[in-house]
Amino acid sequence: MKTYKNPPVSKWQALCKRPVLSSENLEATISSVFERVQHQGDGALLAYTKQFDGVTLRDTAIDGDDRVSWAKQVPNELKQAIDIAYGNISTFHKAQQASLQTIEVETQAGVRCWRESRAIERVGLYIPGGSAPLFSTVLMLGVPAQLAGCRDLILCTPPRVDGSVNPAICYAASLIGVTKIFRVGGAQAIAALTFGTASVPKVDKIFGPGNQYVTTAKLYAERFGMAIDMPAGPSEIMVIADKTARPDFVAADLLSQAEHGPDSQAVLVTTDTALAKEIMNEVDNQLRTLPRGKIAQLALANSFCVVLNDIDQAITFANEYAPEHLILSVNDAESAAKQVSNAGSVFLGNYTPESAGDYASGTNHTLPTNGWARTYSGLSLESFCKYITFQSITQNGAKALAPTVTAMAKAEGLIAHKRAMEIRL
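Residues numbered from 1 in each chain as written. Predicted model: local features only at pLDDT ≥ 70, side-chain atom pairs only at ≥ 80, totals over all residues. Heavy atoms only, no water.

### Observations regarding the overall build of the protein chain
Part 1 of the reasoning: Helices and strands together make up the secondary structure of the protein chain, namely 17 helices and 14 strands.
Part 2 of the reasoning: Looking at the protein chain as a whole, 50% of its 425 residues are labelled buried.
Part 3 of the reasoning: The contacts of the protein chain with a sequence gap of at least 6 include a subset with a gap of at least 24, amounting to 75%.
Part 4 of the reasoning: Carbon together with sulfur atoms contributes 50% to the accessible area of the protein chain, which is approximately 20000 Å² in total.
Part 5 of the reasoning: Taking the 38 positively charged and 41 negatively charged side chains of the protein chain as two groups, their mean positions are separated by 6 Å. (Helix = DSSP H or I, 4+ residues; strand = E, 2+ residues; numbered from the N terminus. Buried < 20%, exposed > 50% of the residue type's maximum accessible area, 1.4 Å probe, protein only. Contact = heavy atoms within 4.5 Å. Areas by Shrake-Rupley, 256 points an atom, 1.4 Å probe, with all protein chains shown as cover. Lys, Arg positive; Asp, Glu negative; His and termini not counted. Charge placed at Lys NZ, Arg CZ, Asp CG, Glu CD.)

### Looking at the sheet that holds strand S11 (residues 304-307)
Part 1 of the reasoning: With parallel pairing, six strands are arranged side by side in an open sheet as S1-S11-S10-S9-S12-S13. Looking at which strands have only one partner, the edges of the open sheet turn out to be strand S1 (2-5) and strand S13 (345-348). When strand polarity is set aside, the average angle formed by the axes of neighbouring strands in this sheet is 15°.
Part 2 of the reasoning: The sheet strands contacting helix H11 (residues 273-288) are S1, strand S9 (236-241), strand S10 (265-270) and S11, and the helix crosses S10 at an angle near 150°. (Pairing = 2+ DSSP bridges. Axes fitted to C-alpha atoms, helices over the stretch in contact; angles between N-to-C directions.)

### Things to note about the packing of aromatic side chains
Part 1 of the reasoning: With the rule as written, the count across this model stands at twelve aromatic pairs.
Part 2 of the reasoning: Pairing Phe34 with Tyr220 gives two aromatic rings, centres 5.0 Å apart and planes at 80°, and the pair type is edge-to-face. Linking Phe34 in helix H2 (residues 23-40) with Tyr220 in helix H9 (residues 212-221), this pair joins segments that are 186 residues apart in sequence. The two residues Phe34 and Tyr220 agree in class, both being buried.
Part 3 of the reasoning: For the pair Trp114 and Phe390, a centre-to-centre distance of 5.5 Å together with 10° between the ring planes defines the contact as stacked. With a gap of 276 residues between them, Trp114 in strand S3 (residues 111-119) and Phe390 in strand S14 (residues 385-393) connect regions that are remote in the sequence.
Part 4 of the reasoning: Classification of Trp114 by relative accessible area gives buried; the value is 17%.
Part 5 of the reasoning: One aromatic cluster in this structure is built from Phe34, Phe195, Tyr220 and Phe224.
Part 6 of the reasoning: Lying over the aromatic face of Tyr387, Arg115 brings its terminal NZ or CZ to 3.7 Å of the ring centre. (Phe/Tyr/Trp six-rings, centres within 6.5 Å; stacked < 30°, edge-to-face > 60°. Lys NZ or Arg CZ within 6 Å of the ring centre and 35° of its normal.)

### Brief notes about the sheet that holds strand S4 (residues 122-126)
Part 1 of the reasoning: Reading across the sheet, the five strands line up as S6-S5-S4-S7-S8 and stay open at both edges, with parallel pairing between neighbours. Of all the strands in the sheet, the pair left with one neighbour each is strand S6 (180-183) and strand S8 (227-228).
Part 2 of the reasoning: Relative to strand S5 (residues 152-157), S4 is paired through five bridges, and the arrangement is parallel. Within S5, the residue paired with Tyr126 across the bridge is Cys156.
Part 3 of the reasoning: The strands that helix H6 (residues 135-148) touches are S4, S5 and strand S7 (205-207); relative to S4, the one it contacts most, it runs at about 165°.

### Focus: the state of the cysteines
Part 1 of the reasoning: What the rule picks out here adds up to zero disulfides.
Part 2 of the reasoning: The cysteine Cys16 is free of any disulfide, with Cys305 supplying the nearest cysteine sulfur at 14 Å.
Part 3 of the reasoning: Residue classification places Cys16 among the buried positions, given a relative accessible area of 7%.
Part 4 of the reasoning: Since its relative accessible area comes to 0%, Cys305 is described here as buried. (Disulfide = S-S within 2.5 Å.)

### Observations concerning the nonpolar core
Part 1 of the reasoning: Judged by nonpolar contacts, the single largest core of 39 residues is most densely connected at Val123, Leu125, Val138, Leu155, Ile176 and Phe384.
Part 2 of the reasoning: Residue assignment for this core shows that the elements contributing at least two residues are helix H4 (64-71), helix H5 (76-94), S4, H6, S5 and helix H7 (167-176).
Part 3 of the reasoning: With residues near it in sequence (within four places) discarded, Leu155 still touches Leu125, Ile127, Val138, Ile169, Ala173, Val178, Lys180, Ile181 and Phe182.
Part 4 of the reasoning: In terms of nonpolar packing, the next biggest core, distinct from the first, is built from 27 residues, Val33, Ile154, Val184 and Met226 among them. (Core = buried A, V, L, I, M, F, W, Y, C linked by side-chain atoms within 4.5 Å.)

### Thoughts on the packing of H5 against H7
Part 1 of the reasoning: The geometry of H5 relative to H7 is characterised by a closest axis approach of 11 Å and an angle of 40° between their N-to-C directions. Taken together, the axes of H5 and H7 are oblique relative to one another. Taken as a pair, H5 and H7 cross one another with a handedness that is right-handed. Residue-level contacts link Leu78, Lys79, Ile82, Asp83 and Tyr86 of H5 to Ala168, Tyr171, Leu175 and Ile176 of H7.
Part 2 of the reasoning: Across the contact of H5 with H7, the residue classes break down as seven nonpolar, no polar and two charged. (Parallel < 35°, antiparallel > 145°, perpendicular 65-115°, else oblique. Left-handed = near helix turned anticlockwise from the far one by under 90°. Nonpolar A, V, L, I, M, F, W, Y, C, P; charged D, E, K, R; others polar.)

### Points about the packing of helix H8 (residues 186-195) against H9
Part 1 of the reasoning: Interhelical geometry of H8 versus H9 gives an angle of 25° and a closest axis separation of 8 Å. With respect to each other, H8 and H9 are oriented roughly parallel. As for the relative orientation of H8 and H9, their crossing is right-handed in sense. Here H8 contributes Gly186, Ala187, Ile190 and Thr194 to the contact with H9, which in turn contributes Tyr213, Val214, Ala217, Lys218 and Ala221.
Part 2 of the reasoning: Among the residues forming the contact of H8 with H9, the class breakdown is six nonpolar, two polar and one charged.

### Topic: H6
Part 1 of the reasoning: In a regular helix each residue adds 1.5 Å, so 14 residues correspond to 20 Å; H6 covers 20 Å between its end C-alpha atoms and thus fits that length.
Part 2 of the reasoning: Remark: the principal bend of H6, roughly 25°, maps to Gly142, with a proline, Pro144, within the next four residues.
Part 3 of the reasoning: For H6, the full list of buried residues reads Ser136, Thr137, Val138, Leu139, Met140, Leu141, Gly142, Val143, Pro144, Ala145 and Ala148. (Expected span 1.5 Å × (residues − 1). Bend = angle between axes of the 7 residues up to and from the residue.)

### Examining the pattern of salt bridges
Part 1 of the reasoning: One pass over the full model with this rule turns up eleven salt bridges.
Part 2 of the reasoning: Residue Glu236 is joined to Arg18 by a salt bridge in which the shortest nitrogen-to-oxygen separation is 2.8 Å. A residue pair is termed long-range when its members are at least 10 positions apart, and Glu236 in strand S9 and Arg18 in the loop between helix H1 (12-15) and H2 qualify at 218 residues.
Part 3 of the reasoning: With a closest N to O distance of 2.9 Å, Glu116 and Arg118 form a salt bridge.
Part 4 of the reasoning: Where salt bridges share partners, they join Glu121, Arg122, Arg151 and Asp152 into one cluster. (Salt bridge = Lys/Arg side-chain N within 4 Å of Asp/Glu carboxyl O.)

Spelled out as structure tokens, the structure:
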């Protein structure tokens, strides 16, 4: 990790750029995948699964018996852990139901307006597979979908080498009431959920994180009228540390995201040069015993450390970077957190690791990356709902409102609008 000491503000924007593949090459690949899936359907999915995953399948769907038998393979200890995580995530997201309550207002005498929430009916849940099948993401996507009342939950995830689906994914899917599971991953899964095939249903909105191909595919799907949760690509973390931080804790946190993939990024921001060196030494020590050390090492090559004058400046830099995960390993983290305006999720104090939020504290781990935290929120119950507004006007209310409506309609030259109000008088 390269270290930058007090870089001028003029250099911050360049520092905050993420390590990404050429968007031109990415989009050309995604366009080709979408076109093939749109025209060849399931045949394209099977071909891509063989090409990218090295697995030959007759069908991407899995039947109920396989789902049940695979779920039974999960060890009891892991089942208990998943159950606890499910409970904590449910508790946090149930509390968000207050935001879905009907709001009713009488804007003027005889004019009543209100808003009601409705669940999105059919949602697509993308669960990354590969070297680290993220069964925890099943809970993060499925719990709010379940609580919102979505009718159909369609889950796509890459198959394992033997064509099966990770047992923990099947077990988590049983908890949240997944309707169907399909063994298909990558951009082809996003394309299938966008267009629909003979087996994979077309959905109303696509959810879930993924690599740069999946993220680009989700953004590409919007061109075809598909709604998505957010741009959620390669994982990233920023740790702000002062002299009260534990170097071994901080190093572990940085590596926890670096091990996701070579395109992940870990950023250390500190006010103390000596502390930075201690943390770097800890990173090297812990890296030697990390099973996914080679992956983490590639990510660290694209990561960096910044030494700044004080915590205020560090948080200003963090707001410029807009991290997916932000850990405040500083004195009085509660006060420091009030200055944070751009972050997906914030972790306060030395005993709040990012991995707690990834699995079981209760907050959602599906978060905006690549600076999108400036404008996007992390996944919530509201992500699986839409709002419909209603109005009801009495005869007297129409008389009172008519002068306003007719004057505005006339000024815009929309006479049919004007008449639609006047005819009621």
